[in-house]
Amino acid sequence: MRAVVLTTYGGPEQLVVSDLPEPAAPDPDGVLVRTAAAAVNPVDLQTRAGLHSAHGAYHPPMVLGWDVAGTVTEVGDQVTGFNVGDRVVAMSAQMATGRGTYAETVALPAGIVAPAPVSVPLTAAAGLPLAGLTAWQALDALALPEGATLLVTGAVGSVGGLTVQLARLRGLTVVAQVRSAEDIERARALGAARVVVGADASALPSGAVDGLLETAGLPGAVAAVRDGGRAVSVVPTRVPEAERGVHVAVSYVEQDGEGLAALAALVDRGELEVRSAKELGFEEAGEAHRLLEAGGVRGKLLLLP
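Now for a description of the structure that goes with this document.

Cut-offs used in this document
Within each chain, residue numbers correspond to sequence positions counted from 1 in written order. This being a predicted model, a pLDDT of at least 70 is required before a residue's local features are given, and a value of 80 or more before pairs of side-chain atoms are given or counted; all residues contribute to the totals for chains, interfaces and linings. For the side-chain quantities, the full set of heavy atoms in the structure was used; hydrogens and water were omitted. A cavity, in this analysis, means grid points on a 1 Å lattice covering only the protein atoms where a 1.4 Å probe fits yet has no way out; a pocket is instead an open set bounded by protein on both sides within 12 Å along at least five of seven lines, and a residue lines either one if it has an atom within 4 Å of a point. Grid points are joined across faces, edges and corners, and a volume is the space filled by probe spheres set on the points. We count a stretch as a helix when DSSP gives it H or I for four or more residues in a row; a strand needs E for two or more, and each element gets its number in order from the N terminus. Here, the term nonpolar core denotes a set of buried Ala, Val, Leu, Ile, Met, Phe, Trp, Tyr and Cys residues that are joined through side-chain atoms within 4.5 Å. For each residue, the accessible area found with a 1.4 Å probe, counting protein chains only, is set against the maximum for its type, and the residue is called buried under 20%, exposed over 50%, and partly exposed in between. Two residues form a contact once any of their heavy atoms are found within 4.5 Å. Aromatic rings from Phe, Tyr and Trp, with only the six-membered ring used for Trp, were paired whenever their centres fell within 6.5 Å, and each pair was classed as stacked if the ring planes differed by under 30 degrees, edge-to-face if by over 60, and tilted otherwise. When the NZ atom of lysine or the CZ atom of arginine is within 6 Å of a ring's centre and also within 35 degrees of its normal, the charge is said to sit over that ring. The rule for pairing is simple: two strands pair if DSSP sees at least two bridges between them. For helices, the axis comes from a line fit to the C-alpha atoms of the stretch in contact; other axes are also lines fit to C-alpha atoms, and the angle between any two N-to-C directions lies between 0 and 180 degrees. The salt bridge criterion pairs a side-chain nitrogen of Lys or Arg with a carboxyl oxygen of Asp or Glu, the two atoms within 4 Å. Oblique is the label for any angle not under 35 degrees, not over 145, and not in the 65 to 115 range, which are roughly parallel, roughly antiparallel and roughly perpendicular in turn. By the convention adopted, Pro, Cys, Tyr, Trp, Phe, Met, Ile, Leu, Val and Ala count as nonpolar, Lys, Arg, Asp and Glu as charged, and the other residues, Gly among them, as polar.

### Section: the layout of surface pockets
Reported here for the largest pocket is a volume of approximately 1400 Å³. Along the walls of the largest pocket sit 47 residues, with Pro42, Gln46, Thr215, Val234 and Val235 positioned nearest its centre. Among the secondary structure elements, those contributing two or more residues to the lining of the largest pocket are helix H1 (42-48), helix H2 (94-97), helix H4 (129-142), helix H5 (158-169), strand S10 (173-178) and strand S16 (300-304). The element contributing the most residues to the lining of the largest pocket is H1, with four residues. The calculated volume of the second largest pocket comes to roughly 220 Å³. Lining the second largest pocket are 17 residues, and of these Met1, Val63, Gly98, Arg99 and Gly100 sit closest to its centre. Of all the secondary structure elements, the ones that give two or more residues to the lining of the second largest pocket are strand S4 (62-63) and strand S7 (105-109).

### Quick word on the nonpolar core
Ranked by size, the top nonpolar core spans 73 residues in total, and within it Tyr102, Leu128, Leu150, Leu263, Leu272 and Leu303 carry the most contacts. Top element by residues in this core is H4. It accounts for seven residues. Other than its neighbours up to four places away in sequence, tyrosine 102 contacts Ala3, Val4, Ala38, Ala39, Val40, Asp44, Val63, Leu64, Gly65, Phe282, His289 and Leu303.

### Quick look at the packing of aromatic side chains
For the coordinates displayed, the defined rule picks out zero aromatic pairs. Looking at arginine 170, its charged tip hangs above the ring of tryptophan 136, at a distance of 5.3 Å from the centre.

### Description of the sheet that holds strand S13 (residues 225-233)
Hydrogen bonding along the main chain pairs the strands of a sheet, whether they run parallel or antiparallel. One open sheet holds the six strands; their spatial order is S11-S10-S9-S12-S13-S14, and the pairing between them is parallel. In this open sheet, the two edge strands, each paired with only one partner strand, are strand S11 (194-197) and strand S14 (247-250). The mean inter-strand angle of the sheet, taken between neighbouring strand axes irrespective of direction, is 20°. Each of strand S9 (149-152), strand S12 (209-214) and S13 is contacted by H4, which is oriented at about 150° to S13, the strand it contacts most. The strands that H5 touches are S9, S10 and S12; relative to S9, the one it contacts most, it runs at about 170°.

### What about empty space enclosed by the protein?
All told, the structure shown has one cavity of 30 Å³ or more when counted by the stated rule. Reported here for the largest cavity is a volume of approximately 120 Å³. Lining the largest cavity we find 15 residues, and of these Gly157, Ser158, Leu162, Glu273 and Arg275 sit closest to its centre. The greatest single-element share of the lining of the largest cavity, amounting to four residues, is contributed by H5.

### Looking at the sheet that holds S4
With respect to topology, three strands assemble into an open sheet ordered S2-S1-S4, the strand pairing being antiparallel. One side of each edge strand has no neighbouring strand; the edge strands of this open sheet are strand S2 (15-19) and S4.

### Quick look at the pattern of salt bridges
Counting across every chain of the model gives 14 salt bridges. Between aspartate 27 and arginine 99 there is a salt bridge whose closest N-O contact spans 3.4 Å. Separated by 72 residues along the polypeptide, aspartate 27 in the loop between S2 and strand S3 (30-40) and arginine 99 in the loop between H2 and S7 bring together distant segments of the chain. Classification of arginine 99 by relative accessible area gives partly exposed; the value is 30%. Counted as one network, the salt bridges with shared partners bring together Arg2, Glu104 and Glu283.

### What to know about the packing of H4 against helix H7 (residues 257-268)
Packing of H4 against H7 brings their axes to within 10 Å, and their N-to-C directions diverge by 100°. If you check the angle between H4 and H7, you find them roughly perpendicular. Contacts between H4 and H7 involve Pro129, Gly132, Leu133 and Trp136 from the former and Gly259, Leu260, Ala262, Leu263 and Leu266 from the latter. Broken down by class, the residue content of the contact of H4 with H7 amounts to seven nonpolar, two polar and no charged.

That is the geometry; function is a separate question.
This is how it looks when you write it as structure tokens:
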């Protein structure tokens with residue numbers, strides 16, 4: 001099979017397309033998935049640069065990628081929930097599975113796989129798993145009551161945009177932070193009741209919101225949270241400091257097939273939108289990494305075999 005291989009830590013030029021042996025068979029509790037698309041995420045850029053080199057699962061040569069959408073080609077003897085031919089999505093956390101998704105075929109535990117939404121192209125569905133589960137689980141960790149006011153930083157990014165939509169579905173009033181006036185209408189279309197434009201949330205007075213979900217690496221946004229409020233960050237390298245009794249936590253995304261299935265169902269009910277920015281071939285993986293590093297991408301960059 002063809003796969004995008006990281007030859008050594010470094011820049012995007014270290015990503016090359018190579019021929020690798022296909023997985024011979026799935027584990028008894030696993031499935032083989034023929035890839036339609038794999039999404040590019042910030043964690044892929046960090047891994048490529050060697051920022052996770054201390055972890056045993058991250059040593060070149062290796063296949064990158066956490067998100068995948070595709071079709072089941074084989075099921076393990078113990079699997080009952082999937083059949084050959086099923087359209088599926090999955091988030092393969094490399095720190096847990098050691099298996100990247102920039103490959104034509106991926107072997108995965110069935111428990112982290114979910115039926116793909118049928119209302120969007122299968123390639124586009126590859127943009128749902130990591131970003132959707134990150135937003136879903138961070139909102140769970142934040143645990144704001146219905147009617148509370150939530151500030152979402154990076155509100156039109158991949159995680160931020162899904163957070164805004166899911167927060168609205170949970171009955172929260174969303175204040176969206178965006179970097180450009182061009183993003184105002186987009187944030188409102190996603191469900192934001194108010195939009196703050198700027199490189200941070202300094203336009204909000206202190207205590208303006210009950211909670212903060214920080215997706216953009218802007219720890220100073222905690223100043224907008226009321227005394228005794230709550231803040232959750234999905235950027236572990238830039239966590240807000242606890243102040244004024246504000247409870248601060250970090251949310252690390254976990255693999256969750258059931259949660260992913262619930263997100264896919266929301267997509268099919270028209271309650272959750274997944275955006276794609278651009279589709280590129282495996283040979284253009286380096287370019288996809290350059291585009292994401294440059295910033296300003298709205299929606300997911302997708303790699304197609």
